[in-house]
Amino acid sequence: MLRHIVLLYALFLLKTTLLAQSYAIRDVTLIPMDRNISIPHQTVLIENGIISKIGHFSKIKIPKSFTTIAGTDKFLLPGLMDMHAHFFQEQGEHVNTTAEELKIMLANGLTTVRIMAGHPDYLEARGKVRNGQWIGPELYVASPQLVGSWPWPEEFKNYEVVDSHEKAVAAVKRFKAEGYDAIKLTFMLSREVFNAVVHTAYEIGMKVTGHIGPQVKLPRALQTGMQIEHMDEFIDQLLPDTTYNHGESVSDMNLWYPKAWATVPFLDEDKIPGLARKVRDARVYVTPTNHFFFSSFGRGMSDEEIKSSPDFQYIPGSIRSERWRVRKYYQDAIMPAPEHREKYVRVREALTYALWRAGVKLMAGSDSPEWFLVQGFSLHKELEAFTQAGLSPFAALQTATVNPADYLGIGQRKGTVEIGKDADLLLLDANPLEQVEYTRRIAGVFKGGKWYEKASLAKMLEEAKRVGE
C-alpha cells in the first residue's frame, strides 16, 4: 500500500514538473500584433504556458531553471488561427485520421482551429487536445451543418436536415446541450427555418456561422449579425437586378452551374464600396476563403502545380482519386470562359479589399481539406491571397490572430503577444511584416505550455504522411 502511495506521489510530482516547465526566448524580434510594429532584442519569459515577462534582453534576468531558446535573428508572433477547417474523415472512405491531421496543423504554426461541420468524433478530439492526450491546436467545433435537404451520400453524419421551424429549434437546442461551440448553417435553408435557427441560437447564447443561401439572401443575414463564410451572396448583390438568373450569381454551390457563370459579365463592380459599408454597419465578421475558390474554380492549378504542392502528399490515396475525378468533371462539363473566371477573381479580390478598407473584420479560413488543399499548408496560402487582394502583410496577419480571437471571445488570452496571455506562439526565421509568405519559415511553435522546435515539427509531418498512404 505504501509503495502504491509513493508511486502515485512520484507520478504527481513528475506531471507537475512537466506542466511547470518554463522557457525564455532570448533576444528575439517581437511582433506583438496589437499594432503594426516589430520590436527587436526582446526576451519573453513563459511559465506554466503563460507569458510572464517581456522586456529588452539586457534587462531581463533568466532564472537558471528556465530552458533558454535562442531568438537572435528570429521573429515571434501569436500562433495562427484557421477559422474554417474540416477533417478527412468527412470524405472518401471516412477513415478517422484526426490525430495525424492535428499534427499537420500544429507543424504549420496553427495553434487554434475552428472545425466547421461538427461530429461527435470531433468533440472527442477537442477534449483529447485539451487534456494533453493529443498534440494539436486548440479546437472550436461548430455543430453538424444544418441543411434543408441532403442529396449526397449519407455514410458520415455531419449534417442535420431541418426543413421546419420545429426541427430547427430542436436541433439548435440539442447541439447546444451536446457541447458544440456554434451553430453552422449550410445548404438549402428556407427563410422560415433560417429565422428559427438564428432566433433560437441567440436566445440560448450560441453564435451562428456559415453559408447564406439564395432563399435567405444577404440583406436578411446582415440584419441578424451572423458570421458569414465564403462571402456568400456578396457577388449576387452586384447584379443589376433579379432578371439575371433569378438574382443568383456565382456564390458557393452556384459555381457548378453554367447559368450562374453567365451572369459574371454583368456584375457591377461600382456597387462594391456601398456593399462593403453595409457589411461594416452590420458589424459582421467575414471569412472569404479566397485561396480555395481561386485554386479550385477561378485561376485553377495545373496537374504539375497540384502534384508539386506540399499539400499533395498528405491527401489520402482514395480521396486523391476522387479529387481528380471531380476536377475532370468540372473541366469537361462546366469550366467557364477564361474572361469570366478572370472577372470572378477580380471581383472577389475587390470585395475583400473593399471590406478591409471599410473596417470589416476579416478572418482567415482555408476550407481545407477541400479539393487538393490540406490544413495548415493552405492557411499560409490564404494569407497570401489577402495580400494579393491588396491588404498589407500586417492586415493579413490580423485575419489569423487578433480578429479570430476577438470573434471567438478569447482576446483576453490569445491573438497578441502580451504578458498574461497564453503562450500560443510562432517563432519564424524571417519577418512576415515584410512578406506574409514568411509565415512558412517556421523555427518553432509554442502550444499548451510546450515548445516544439523545427526538428520536432518535421517529425510530426513525417508521422502524418501516413494519412496520404
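Residues numbered from 1 in each chain as written. Predicted model: local features only at pLDDT ≥ 70, side-chain atom pairs only at ≥ 80, totals over all residues. Heavy atoms only, no water.

Caption draft 1: Fine view of the environment of Ser 308. Here Ser 308 is to be found in helix α10 (residues 303-308). Sequence separation between Ser 308 and Arg 440 is 132 residues, and the spatial gap between their C-alpha atoms is 16 Å. Of note is the side chain of Ser 308, whose polar atom sits 2.9 Å from the backbone oxygen of Glu 304. (Helix = DSSP H or I, 4+ residues; strand = E, 2+ residues; numbered from the N terminus. Polar contact = N/O pair within 3.5 Å; in protein donor to acceptor, adjacent residues only side chain to side chain.)

Caption draft 2: Broad picture of the sheet that holds strand β6 (residues 80-85). Taken together, the three strands give an open sheet; going across it, the order is β6-β7-β8, and neighbouring strands pair in parallel fashion. The open sheet has two edge strands, β6 and β8 (138-141), and neither has a second partner. Averaged over all pairs of adjacent strands, the angle between their axes in this sheet comes to 15°, without regard to strand direction. Here β6 pairs with strand β7 (residues 110-115) via four bridges, running parallel. (Pairing = 2+ DSSP bridges. Axes fitted to C-alpha atoms, helices over the stretch in contact; angles between N-to-C directions.)

Caption draft 3: Representation of the nonpolar core within the structure. Grouped together as the largest cluster of nonpolar side chains are 113 residues, with contacts concentrated most on Ile 183 and Phe 234. If you tally residues by element for this core, the top one is helix α12 (residues 338-358), at seven residues. By size, the runner-up hydrophobic cluster in this structure holds 16 residues, among which are Tyr 23, Val 28, Ile 46 and Ile 51. (Core = buried A, V, L, I, M, F, W, Y, C linked by side-chain atoms within 4.5 Å. Buried < 20%, exposed > 50% of the residue type's maximum accessible area, 1.4 Å probe, protein only.)

Caption draft 4: A look at the pairing of β8. Burial along β8 is two-sided: Glu 138 and Tyr 140 and Leu 139 and Val 141, pointing in opposite directions, are all buried. Looking at chain direction, β7 and β8 are connected through four bridges and run parallel. Along β8, the bridge assignment pairs Val 113 with Leu 139. Read as a crossover between parallel neighbours, the route from β7 over helix α3 (residues 120-130) to β8 is right-handed. (Right-handed = clockwise from strand over helix to strand, strands pointing away.)

Caption draft 5: Representation of the packing of aromatic side chains. Here the structure, examined in full by the defined rule, presents 26 aromatic pairs. Ring geometry for Trp 324 versus Phe 372: centroids 4.7 Å apart, planes at 50°, classification tilted. Of this pair, Trp 324 sits in helix α11 (residues 317-333) while Phe 372 sits in the loop between α12 and α13 (377-388), and the two are 48 residues apart along the sequence. The class of Trp 324 is partly exposed, set by a relative accessible area of 24%. On the basis of relative accessible area, Phe 372 is assigned to the buried category, the value being 7%. Ring pairing ties together the aromatic residues Trp 256, Phe 292, Phe 293, Phe 297, Tyr 329, Tyr 330 and Trp 371, which thus form one cluster. The ring centre of Tyr 407 lies 4.6 Å from the NZ or CZ of Lys 207, which sits over that ring. (Phe/Tyr/Trp six-rings, centres within 6.5 Å; stacked < 30°, edge-to-face > 60°. Lys NZ or Arg CZ within 6 Å of the ring centre and 35° of its normal.)

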